[in-house]
Amino acid sequence: MTTPILQANNLVKTYTQRSGKFGFGTSLVKALDDVSISLTEGKTLAVVGESGSGKSTLARCLLQLQPLDSGEVLFAGQDLAKLDGAALRVVRKNLQMVFQDPFASLNPRMRVGEIVGEGLLIHGLGSGAEQQRKVIAMLNRVGLTEADMQKYPHEFSGGQRQRVGIARALVLQPKVVVCDEPVSALDVSIQAQILLLLKELQAEMALSYLFISHDLRVVRHIADDIVVMHQGKIVEYGAVVDIYQQPQHEYTRNLLAAMPGKYMALVGN
Amino acid sequence: MATNLNKASPLLQLQQLSIAPKKMPTRLLVNNVSLTIEVGKTTCVVGESGSGKSLTALSIMGLLSQQLQLTAGKVLFNDGQSGEQDLTKLDEANLRKIRGAKIAMIFQEPMTSLNPVLTIGYQIGESLTTHLGVKGDQLKAKIASLLEMVGIPAGRANNYPDELSGGQRQRVMIAMSIACEPRLLIADEPTTALDVTVQAQILKLLDELKTRMNMGMLFITHDFGVVADIADYVAVMFRGEIVESGTKMQVLNKPQHPYTQALLACVPDAEGKKPLKPIDYAWLPENQQILQTSAQNLKTAA
């Protein structure tokens, strides 16, 4: 029996949107409409859908970066939605996030060493020397060097910055990592490197990933299970193999049909 | 190099084009690039960031930044009316007559390339007024028909860009670019910022328009999946040079150059059968040398 490490039950989140003349009226947009998912330990759950389908909102609500309207998020038996600030901060050590845009998600005025080490500092893990050692080890693991600690984010390429983002998320040895489109801003050639790195780290550190993406080619390679979202609702949920071979929902079929280069002959291997 | 010289004179020919920074004329960012674009066909330029594909596209219409210069080469454009012209020799006034009228461009970011304080109708009509002198009710009717052509209801002509979705904004960009019925359309990663479903729609739209208006298209992308869907001819760029070019079938099915092979190998496939592979640079001369020396070191150690 596999145990879910992170479970979300009946999440609801509504945004108010200004509408009508001069934006005086308001209308409600359901970003999450009765969404339930469960992430198995050591597995990857992919969330796919187009922009506006609610996948990023789901990620933010799971980590309590945004308040929920209703529903519960269970991590190791605790309901995160009920925790107060201090208790939540302690739990957050185990819940980390890798962001989409490596150009916008790193503070341009901090050195890479400070960026990666900040989590250790906040959670007060180990002495200064130990923290330094952990940062170096993590940077080495993601393919950067000790000398890179002194550099600023602008000195790196997109792929290297995403490595910094991954190092920052993993230095705390979290249990769950939410990856919000981690490779969509990268070149195809760099994409494969980052995906492989994520896979290796998952095996080494027993991580569970919630992997948000709109690229079904990428999802096919990295995910075990898949959730298809459309307008805030889950339209399909199951194992990757099943959904790719026998999509049940019309929307999933559309997504699969829109994949570029489906008929491209397999070459180069 | 497989250039296609079967027609009398192709729409656009880049001949041995080189681009360098003004301060460092020896450091070539684009090195000896030759390309041919034919009427009614799509040529895709594929490469990673920094390979010089966007610079090549910008140089066609003389849009390079002030810090860069063309150090060599010709851009021969034949619109079928005024004969073959070398665009690099034209002055700014003459270039302006060509930009938007005979050669049009679509950029990657539909969010940043539209003016936020002007209605989309105004922005679409601007080039019609400038180049063709269309005004008044005639202009309104033309804008309406262009919007319909790209799949946006004509009633939205008075909307501002922020009232449209990303895909709709890219449709507006396309409407702007085809307004004067250009002979050549340059599309610089037009779908990179879009969702897959929207991307598929935009690619289909571009392909239809190209056929209907008999345009030539230069399409820049880093995604071989997109190439497989839209290209007739493909040129692969690496570090400022074209390393391989030919028809889509040749390049995708029988890639000759190791870089093309490596780049194709790291595109994830839809079935998930192909193992993920990071790009392989072992074929590069400098890496070959490293491999050889390390092999020798091993031998001497043993």
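For clarity, every value in this text was computed on a predicted model and none was experimentally measured. Residue positions are counted from 1 within each chain, in the order its sequence is given. The naming scheme follows written order: chains are lettered A onward, ligands numbered 1 onward. The predicted nature of this model means local features are confined to residues of pLDDT at least 70 and side-chain atom pairs, given and counted, to a pLDDT of 80 or more, with totals for whole chains, interfaces and linings taken over all residues. Derived side-chain values reflect all non-hydrogen atoms in the structure, with water molecules and hydrogen atoms excluded from consideration.

Asks: What should I look at first to understand the overall build of chain A in this one?
Replies: To qualify as a helix, a DSSP run of H or I must reach at least 4 residues; to qualify as a strand, a run of E must reach at least 2; elements of each kind are numbered from the N terminus. Per the secondary structure count, chain A includes nine helices and 10 strands. For 269 residues, the compact-globule formula gives about 18 Å, and the C-alpha radius of gyration of chain A, at 19 Å, lands near that figure. In this scheme, a residue with accessible area under 20% of its type's maximum is buried, one over 50% is exposed, and one in between is partly exposed, where area comes from a 1.4 Å probe on protein chains only. Considering chain A as a whole, with its 269 residues, one finds that 51% of them fall into the buried category. Taking as baseline every contact in chain A between residues at least 6 positions apart, the subset at least 24 positions apart corresponds to 67%. Counting rule applied: Lys, Arg positive; Asp, Glu negative; His and chain ends not counted. All charge positions are set by atom: Lys at NZ, Arg at CZ, Asp at CG, Glu at CD. Side chains of chain A carry 27 positive and 26 negative charges; the gap between the two charge centres is 4 Å. Computation of the radius of gyration draws on C-alpha atoms alone. For the globule rule, the value is 2.2 Å times the number of residues to the power 0.38. Whether two residues are in contact is decided by their heavy atoms: any pair within 4.5 Å suffices.

Asks: What is the right way to look at the interface of chain A and chain B in this model?
Replies: Each side of the interface is counted separately: chain A has 31 residues, and chain B has 33 residues. Here the buried area means the combined drop in accessible surface, using a 1.4 Å probe, for two parts upon being joined, counting both sides. Note on chain A versus chain B: buried area summed over both sides is about 3,000 Å², and carbon and sulfur give 64% of it. Within this document, salt bridges are pairs made up of a side-chain nitrogen of Lys or Arg and a carboxyl oxygen of Asp or Glu, the two lying within 4 Å of each other. The interface formed by chain A and chain B includes one salt bridge. In this structure, the salt-bridge partner of Arg217 of chain A is Asp223 of chain B, at a minimum N-O distance of 2.7 Å.

Asks: Help me out: how do you make sense of the sheet that holds strand S5 (residues 84–86) of chain B in this one?
Replies: Pairing between sheet strands relies on hydrogen bonds along the backbone, with the strands arranged either parallel or antiparallel. Residue and element names in this part refer to chain B. On the basis of which strands lie adjacent, the open sheet formed by four strands has the order S2-S1-S4-S5 and antiparallel pairing. The open sheet has two edge strands with one neighbour each: strand S2 (30–37) and S5. The mean angle between the axes of side-by-side strands here comes to 15°, regardless of whether they run parallel or antiparallel. A pair of strands is treated as paired once DSSP finds two or more bridges between them. Here strand S1 (residues 12–21) runs beside strand S4 (residues 68–78); their pairing, made up of eight bridges, is antiparallel. Opposite Ala20, over in S4, you have Gln69 as the bridge partner. Its contacts with the sheet put helix H1 (residues 53–60) on S1, S2 and S4, and the angle it makes with S1 is roughly 115°. Angles run from 0 to 180 degrees between N-to-C directions of axes, and those axes are lines fitted to C-alpha atoms, restricted for helices to the stretch in contact.

Asks: Please explain the packing of helix H3 (residues 112–122) of chain A against helix H5 (residues 158–170) of chain A as it appears in this structure.
Replies: The description of two packed helices rests on the angle between their axes and on the distance between the axes. All names here are of chain A. Close contact between H3 and H5 brings their axes to 7 Å; oriented N to C, the two are set at 30°. With respect to H5, the element H3 is oriented roughly parallel. The residues of H5 that touch H3, namely those facing Val112, Ile115 and Val116, are Val164, Ala167 and Arg168. Charged residues are taken to be Asp, Glu, Lys and Arg, nonpolar residues to be Ala, Val, Leu, Ile, Met, Phe, Trp, Tyr, Cys and Pro, and polar residues to be all remaining types, Gly included. Tallied by class, the residues present in the contact of H3 with H5 amount to five nonpolar, no polar and one charged. Geometric relationships in this document are graded by angle, where less than 35 degrees denotes roughly parallel, more than 145 denotes roughly antiparallel, 65 to 115 denotes roughly perpendicular, and other angles denote oblique.

Asks: It is not clear to me how the sheet that holds strand S6 (residues 95–98) of chain A should be interpreted in this structure. Could you clarify?
Replies: Residues and elements named next belong to chain A. Strand order in the open sheet formed by six strands is S6-S7-S8-S3-S9-S10, and the pairing between neighbours is mixed. Looking at which strands have only one partner, the edges of the open sheet turn out to be S6 and strand S10 (233–239). Going across the sheet, the axis of each strand differs from the next one's by a mean of 15°, ignoring polarity. The pairing of strand S9 (residues 225–230) with S10 spans six bridges and is antiparallel. Residue pairing in the sheet places His230 in a bridge with Lys233 of S10.

Asks: In this structure, what is going on with the packing of aromatic side chains? I would like to understand it.
Replies: Ring pairs (aromatic) are described by centroid distance and by the angle formed between their planes. Whether two aromatic rings pair depends on their centres lying within 6.5 Å, for rings of Phe, Tyr and Trp, where Trp uses its six-membered ring; planes under 30 degrees apart make the pair stacked, over 60 edge-to-face, and the rest tilted. Tallied over the entire structure, the rule returns four aromatic pairs over all chains. With 6.0 Å between their ring centres and 25° between their planes, Phe238 of chain B and Tyr281 of chain B make a pair best called stacked. One end of the pair, Phe238 of chain B, is in strand S9 (residues 233–238); the other, Tyr281 of chain B, is in the loop between helix H9 (258–265) and helix H10 (285–301), with 43 residues separating them in the sequence. Since its relative accessible area comes to 26%, Tyr281 of chain B is described here as partly exposed. Site record: aromatic cluster; members linked through ring pairs are Phe238, Tyr259, Tyr281 and Trp283 of chain B. Here Arg220 of chain A stacks its cationic end above the ring of Tyr244 of chain A, 5.2 Å away from the centre of that ring. Here, a charge over a ring is recorded when the distance from Lys NZ or Arg CZ to the ring centre is within 6 Å and its angle to the ring normal is within 35 degrees.

Asks: What am I meant to see in the pairing of strand S3 (residues 42–46) of chain B here?
Replies: All names here are of chain B. By the criterion of burial, S3 is predominantly enclosed, with five of the five residues buried. Of the two faces of S3, the one lined by Thr42, Cys44 and Val46 and the one lined by Thr43 and Val45 are each fully buried. Direction of pairing for S3 relative to strand S8 (residues 216–221): parallel, over a ladder of five bridges. Counterpart to Thr43 in the pairing with S8 is Leu218. For S3 and S9, the ladder comprises four bridges, and the chain directions are parallel. The residue of S9 that forms the bridge with Val46 is Val236.

Asks: Even after reading the chapter, I still don't get the pattern of salt bridges, so can you show me in this structure?
Replies: Opposite charge on two side chains lets them pair, provided their charged atoms get close. Residue and element names in this part refer to chain B. Using the criterion set out here, one finds 17 salt bridges over all chains in the structure. Close ionic contact of Lys102 with Asp79 constitutes a salt bridge, the shortest N to O distance being 3.0 Å. You can see Lys102 sitting in the loop between helix H2 (92–98) and strand S6 (103–106) and its partner Asp79 sitting in the loop between S4 and S5, a full 23 residues away along the chain. Judged by its relative accessible area of 7%, Asp79 falls in the buried class.

Asks: Would you explain the environment of Leu132 of chain B in this entry?
Replies: All names here are of chain B. Assignment of secondary structure puts Leu132 in helix H3 (residues 120–132). Using a relative accessible area of 53% as the deciding quantity, one classes Leu132 as exposed. Separated by 31 residues in the primary sequence, Leu132 and Ala101 place their C-alpha atoms 8.5 Å from one another. Those residues within four positions of Leu132 in sequence are excluded, and the remaining contacts are Ser127 and Cys180.

Asks: Looking at this structure, I do not really get H3 of chain B. What am I missing?
Replies: Note on helix geometry: an α-helix contains 3.6 residues per turn, so any two residues three or four positions apart are oriented the same way. All names here are of chain B. For H3, which comprises 13 residues, the first-to-last C-alpha distance of 19 Å matches the rise-based estimate of 18 Å (1.5 Å per residue) to within 8%. To get the bend at a residue, fit one axis to the 7 residues ending there and another to the 7 starting there, then take the angle between the axes. When the local axis directions of H3 are compared, the greatest deviation, roughly 25°, occurs at Glu126. Where H3 is concerned, the buried positions are Ile120, Gly121, Gln123, Ile124, Gly125, Ser127 and Leu128. Residues of H3 that are buried sit in contact with helix H4 (136–149) and helix H5 (166–178). Gly133 sits one or two positions beyond H3 and adopts a positive phi of about 70°. To estimate the expected span of a helix, count its residues, drop one, and scale the result by 1.5 Å.

Asks: Explanation requested: the confidence of the model for chain B in the structure shown.
Replies: As a note on interpretation, predicted positions should not be read in detail where pLDDT is low. Residue and element names in this part refer to chain B. By definition, pLDDT measures how confident the predictor is in each residue, and it falls between 0 and 100. On average, residues of chain B score 88 in pLDDT, and 97% of them reach the 70 mark or higher. This model gives residues 1–7 a pLDDT under 50, and the stretch forms 13 contacts once residues within four places in sequence are excluded. The complex prediction reports pTM at 0.80, with the ipTM value standing at 0.72.

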